[in-house]
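Results of the structural survey
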Amino acid sequence: MLSLGPRAAAGWVRLQGVRNAAAWLCPPPWLEKSPADAVVFSRPYSSPQKEKPDMSVYPVENVRNFSIIAHVDHGKSTLADRLLEITGTIAKTDQNKQVLDKLQVERERGITVKAQTASLFYNYEGINYLLNLIDTPGHVDFSYEVSRSLSACQGVILVVDANEGIQAQTVANFYLAFEAQLAIIPVINKIDLKNADPERVEKQMEKLFDISKDECIRISAKQGVNVEKVLQKVIEKVPPPSVNIGDPLKALVFDSTFDHYRGVIANIALFGGEVQKGHKIVSAHTKKIYDVNEVGILTPNEQPTHKLYAGQVGYLIAGMKEVTEAQVGDTLYLHKQPVEPLPGFKSAKPMVFAGMYPVDQSEYNNLKSAIEKLTLNDSSVTIHRDSSLALGAGWRLGFLGLLHMDVFNQRLEQEYNASVILTAPTVPYKAVLSSAKLIKEHGKKEITIINPTEFPDKCSVSEYLEPTVLGTIITPDEYIGKILTLCQARRAVQKEMVYIDEHRVMMKYIFPLNEIVVDFYDALKSLSSGYASFDYEDAGYQAADLVKMDILLNGNPVEELGTVVHIDKAYAVGKAMCERLKDVIPRQLFEIAIQAALGNKVIARETVKAYRKNVLAKCYGGDITRKMKLLKRQAEGKKKMRKIGTVEVPKDAFISILKRQSEK
């Protein structure tokens, strides 16, 4: 401790004021007067230290872990804001909007991308409770985040919009919670809207989920109406975690982030024992030993505590410097006290693949580091090294959907300042090999094709398989005709069609994933004036008539532009590709033929005309044979040039063809 006299301290405060004018009005909180009128410097140049809360005063029976689940934009984050205000976790102001949505991309788009945790302290009937809340995303692309969050919970608040009613993602999230055998608290939100119809929503819930009207709580999260009742219901209905403090430490890592100064911050749920600073812990995945530097709870900002106990949810920092060390789904235990690892999580199954390349190859290592750090925070992205003659070294990344891909790209730009080239999305196909030589080479009969360049020839394959999804569409009944036409055009097979009330229909279809991956959702929204909602889940693979389409320039195939298409769609895709190439390939002194071909059969063609000199300029009248002779000589020269000339496709042309077409 360093002490100064009053005059010296006043001088110090003035000096700080030069740097920060606010210091004149408000000296730092760690500047305290001692009894001798001296100033005591307790922790210079650091943030103020709050009193560490004692977590032992919350026994397991007073702990509730719950998630908020709902369709997109039904008010999950707004409800979370009100719960934080009621429990005094954050101050009540008009600025509290999406408090738990910390990422820039979340605030810009108004959606939740990452599940966020917050610990709330609430007194109910004279007993202090610790409520651990997890706010989850609503979009289908982030359902992996939801399933991960539910593993740390014993109950859920199912939020439904009183205006829109049950939507596709509401159904999907309900069944996720139902299969995990969690307590479900149904909440009807936005009752303050003039078009709200809570009675209709209650009937839908009763019909679809078998939830009685009496169980539903009608609230307005925006205005705070009835929100306190939700907290009371959580305490009454959600069971405490079934764990024992006396057991050895067993902690599940359900999320993690990377901090440039402190390394990996792991979000953990304790299923047994306790953990504190100084403990030696071991990762069940890597078997590495770490010293715990800090433990705490999220309120929603990090709040260090002395200890964390079984049943509680918090964060842990243990000097993990490598992004690969904190695997989501890993189990942590005390050194020399091994435990049976927790089952962890089913690894996310990527639905969409896209190539990612640095704009400049000198940025390769920086981009590699950025992707590694971002995949720690978003473990559902899969990575394979890839290289392209046109674009250089890069990666083939697997995403859960198109929005997921957009968000990942945006986060790379915003959080790591990395600019990348992202190629058009593709889906993973499979081929069942018939050639004994190929089976021996690959070591298995069924191979997965992520890159079109690996597509095997028809003669060595018994059948091709394409991925399918079971899609659920919920729509007002006046749009049924248009949506049926759209689904048929996308090669979908109808499985079910049910009226969930007088005006709304739920349709289930088996879709080829390739047909919905790019623009199906946009087309569905525009056909239904924005009222239809769509959700899908994996439905395995089915046999399909697939072909590899090559793009030829003057008869020479261009490897990077080859794609895998269904034979019914080959002509339309080939024609569109040739037209786009015609616009971007620069003209030469000879004619360029751009062709789309299936094997030896050309299905579409565009021609880039040659630059040509006007050889007839010097002929003023005269005999026609003179003109024909000059034109014939020019044509022969062009023909000879075409034989020896090669078409160099510039990098810009490749980028504009391979890049996603944002306007389409």
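Numbering of residues starts from 1 in each chain and follows the order in which that chain's sequence is written. The model is predicted, so local features are restricted to residues of pLDDT at least 70 and side-chain atom pairs to those at 80 or more, both for listing and for counting; the totals for chains, interfaces and linings are taken over all residues. With hydrogens and water stripped out, all remaining heavy atoms of the structure feed into the side-chain values.

Considering helix 8 (residues 227-237)
Counting along an α-helix, one turn takes 3.6 residues, and residues three or four places apart therefore face a common direction. Of all the positions in helix 8, only Val227, Val230, Leu231, Val234 and Ile235 are classed as buried. All buried residues of helix 8 lie within an arc of 135 degrees about the axis, which places them on one face of the element. In this scheme, a residue with accessible area under 20% of its type's maximum is buried, one over 50% is exposed, and one in between is partly exposed, where area comes from a 1.4 Å probe on protein chains only. Numbered from the N terminus, helices here are DSSP runs of H or I no shorter than four residues, and strands are runs of E no shorter than two. By definition, the arc is the one covered by directions from the helix axis to the C-beta atoms.

What about the sheet that holds strand 6 (residues 127-135)?
Any two strands with at least two DSSP-identified bridges between them are counted as paired. Ordered in space as 5-6-4-7-8-9, the six strands form an open sheet in which the pairing is mixed. A strand with exactly one partner marks an edge of an open sheet, and here the two such strands are strand 5 (116-124) and strand 9 (217-218). Across five bridges, the pairing between strand 4 (residues 63-70) and strand 7 (residues 155-161) is parallel. Across the sheet, residue isoleucine 68 finds its bridge partner in strand 7, namely isoleucine 157. Across the sheet, helix 8 is in contact with strand 4, strand 5, strand 6, strand 7, strand 8 (183-189) and strand 9; its angle to strand 5 comes to roughly 90 degrees. We call two residues in contact whenever any of their non-hydrogen atoms come within 4.5 Å of each other. Only the contacting stretch of a helix is used when fitting its axis, a line to C-alpha atoms as for every element, and angles between N-to-C directions run 0 to 180 degrees.

As for the environment of isoleucine 69
Looking at the secondary structure, you find isoleucine 69 in strand 4. Sequence-distant contacts of isoleucine 69, defined by excluding residues within four places in its chain, comprise Lys76, Thr136, Val146, Leu150, Val156, Ile157, Leu158, Val159, Asn173, Phe174 and Ala177.

Concerning the pairing of strand 18 (residues 313-317)
The side chains of a regular strand alternate between the sheet's two faces. With respect to burial, strand 18 is a largely interior element, five of its five residues being buried. The alternating pattern of strand 18 places Val313, Tyr315 and Ile317 on one face and Gly314 and Leu316 on the opposite face, and all of these are buried. In this sheet, strand 18 lies alongside strand 11 (residues 263-272) in antiparallel orientation, the contact comprising five bridges. Among the inter-strand pairings, isoleucine 268 is bridged to a residue of strand 18, identified as glycine 314. In this structure, strand 15 (residues 294-298) lies alongside strand 18, joined through three bridges in antiparallel fashion. Each bridged residue has a counterpart across the sheet, and for valine 295 the counterpart in strand 18 is leucine 316.

Here's the deal with a positive patch on the surface
To count toward a patch, a residue needs a relative accessible area above 30% and no salt bridge. Like charges then connect within 9 Å, nonpolar side chains (Val, Leu, Ile, Met, Phe, Trp, Tyr) within 5 Å. Only the protein chains shown count as cover for residues, with accessible areas throughout obtained via the Shrake-Rupley method and a probe of 1.4 Å. Criterion for a salt bridge: a side-chain nitrogen of Lys or Arg within 4 Å of a carboxyl oxygen of Asp or Glu. Working convention for charge: Lys and Arg count positive, Asp and Glu count negative, and His plus the chain ends are omitted. Here the site of a charge means NZ on Lys, CZ on Arg, CG on Asp, or CD on Glu. Together, Lys613, Lys618, Arg626, Lys629 and Arg633 make up a region of like positive charge exposed at the surface. With respect to the helices, strands and loops of the structure, arginine 633 is situated in helix 16 (residues 624-644).

Notes on the nonpolar core
Put simply, a nonpolar core is a bunch of buried Ala, Val, Leu, Ile, Met, Phe, Trp, Tyr and Cys residues held in one set by side-chain atoms that sit within 4.5 Å of each other. Counting residues in hydrophobic clusters, the biggest one holds 54 residues, and the most contacted among them are Phe408, Leu412, Ile473, Phe511 and Phe520. The element that contributes the greatest number of residues to this core is helix 9 (residues 364-377), accounting for five residues. Beyond its immediate stretch of four places on either side in the chain, leucine 412 contacts Met356, Leu367, Ala370, Ile371, Leu374, Asn417, Ala418 and Val420. Judged by nonpolar contacts, the second largest core, of 29 residues, contains Leu84, Ile219, Ala221 and Leu231.

Comments concerning unusual backbone geometry
One non-glycine residue, arginine 491, adopts positive backbone phi at about 60 degrees. Tracing the backbone through its elements, the reader meets arginine 491 in the loop between helix 12 (480-489) and strand 27 (493-499). Classification of arginine 491 by relative accessible area gives buried; the value is 19%. Here asparagine 554, not a glycine, exhibits a phi torsion of approximately 50 degrees, which is positive. Position of asparagine 554 among the secondary structure elements: in the loop between strand 30 (546-553) and strand 31 (556-557). Here asparagine 554 falls in the buried class, since its relative accessible area comes to 19%.

A closer look at the packing of helix 3 (residues 76-86) against helix 8
When two helices pack together, their arrangement is given by the angle between their axes and by how far apart the axes lie. Contact pair helix 3 / helix 8: the axes reach a minimum separation of 10 Å and the direction vectors enclose 80 degrees. Taken together, the axes of helix 3 and helix 8 lie roughly perpendicular to each other. Contact residues: Leu79, Arg82, Leu83 and Ile86 in helix 3; Val227, Glu228 and Leu231 in helix 8. Gly falls in the polar group here, along with every residue not listed as nonpolar (Ala, Val, Leu, Ile, Met, Phe, Trp, Tyr, Cys, Pro) or charged (Asp, Glu, Lys, Arg). Residue composition of the contact of helix 3 with helix 8, by class: five nonpolar, no polar and two charged. Oblique is the label for any angle not under 35 degrees, not over 145, and not in the 65 to 115 range, which are roughly parallel, roughly antiparallel and roughly perpendicular in turn.

Some thoughts on the sheet that holds strand 15
Pairing is antiparallel across the open sheet formed by eight strands, whose spatial order is 14-13-19-10-11-18-15-16. Among the strands making up the open sheet, the edge pair consists of strand 14 (289-291) and strand 16 (302-305). Direction aside, neighbouring strands of the sheet carry axes that sit 40 degrees apart on average. Strands in contact with helix 9 are strand 10 (250-259) and strand 11; relative to strand 10, the strand with the most contacts, it is inclined by about 145 degrees.

Considerations on the packing of aromatic side chains
In this description, a pair of aromatic rings is defined by centroid distance and the angle of the planes. Pairing of aromatic side chains requires ring centres within 6.5 Å, counting the rings of Phe and Tyr and the six-membered ring of Trp. Pairs whose planes differ by under 30 degrees are stacked, by over 60 edge-to-face, and all others tilted. Applying the stated rule across the entire model yields 13 aromatic pairs. Residues phenylalanine 534 and tyrosine 536 carry aromatic rings whose centres are separated by 5.9 Å and whose planes lie at 40 degrees to one another, so their mutual orientation is tilted. For the pair formed by phenylalanine 534 and tyrosine 536, the shared burial category is buried. One aromatic cluster is present, built from ring pairs that chain together Tyr509, Phe511, Phe520, Phe534 and Tyr536. The aromatic ring of tyrosine 541 is capped on one face by lysine 430, whose charged end is 4.5 Å from the ring centroid. Throughout this description, the term charge over a ring refers to an Arg CZ or Lys NZ atom that lies within 6 Å of the ring centre and within 35 degrees of the ring normal.

What about the pattern of salt bridges?
Per the counting criterion, the structure on display carries 19 salt bridges. Linking arginine 262 and glutamate 294 is a salt bridge whose minimum nitrogen-to-oxygen distance equals 3.9 Å. Of this pair, arginine 262 sits in the loop between strand 10 and strand 11 while glutamate 294 sits in strand 15, and the two are 32 residues apart along the sequence. Owing to a relative accessible area of 21%, glutamate 294 belongs among the partly exposed residues under this scheme. The closest approach of N and O atoms between lysine 582 and glutamate 606, which form a salt bridge, is 3.8 Å. Of this pair, lysine 582 sits in helix 15 (residues 570-584) while glutamate 606 sits in strand 34 (residues 601-608), placing them 24 residues apart in sequence. Residue classification places lysine 582 among the partly exposed residues on the basis of a relative accessible area of 38%. Overlapping salt bridges bring together Glu466, Arg491, Glu515 and Lys569 as one network.

Thoughts on the environment of proline 512
Position of proline 512 among the secondary structure elements: in strand 28 (residues 504-512). Judged by relative accessible area, which is 1%, proline 512 ranks as buried. In this structure the C-alpha to C-alpha distance between proline 512 and valine 493, which are 19 residues apart in sequence, comes to 9.3 Å. The residues contacting proline 512, other than those within four sequence positions of it, are Glu466, Pro467, Thr468, Arg490 and Arg491.

Notes on the side chain of threonine 331
Tracing the backbone through its elements, the reader meets threonine 331 in strand 19 (residues 331-334). Apart from the residues lying within four places of it in its own chain, the contact partners of threonine 331 are Lys250, Ala251, Val282, Ser283, Ala284, Val339, Pro341 and Leu342.

Concerning helix 9
Relative to the 20 Å expected for 14 residues at 1.5 Å per residue, helix 9 spans 20 Å between its end C-alpha atoms, a close match to the ideal helical length. Considered for burial, the residues of helix 9 that qualify are Tyr364, Leu367, Ala370, Ile371, Lys373, Leu374, Thr375, Leu376 and Asn377. Any helix carries an expected span of 1.5 Å times its number of residues minus one.

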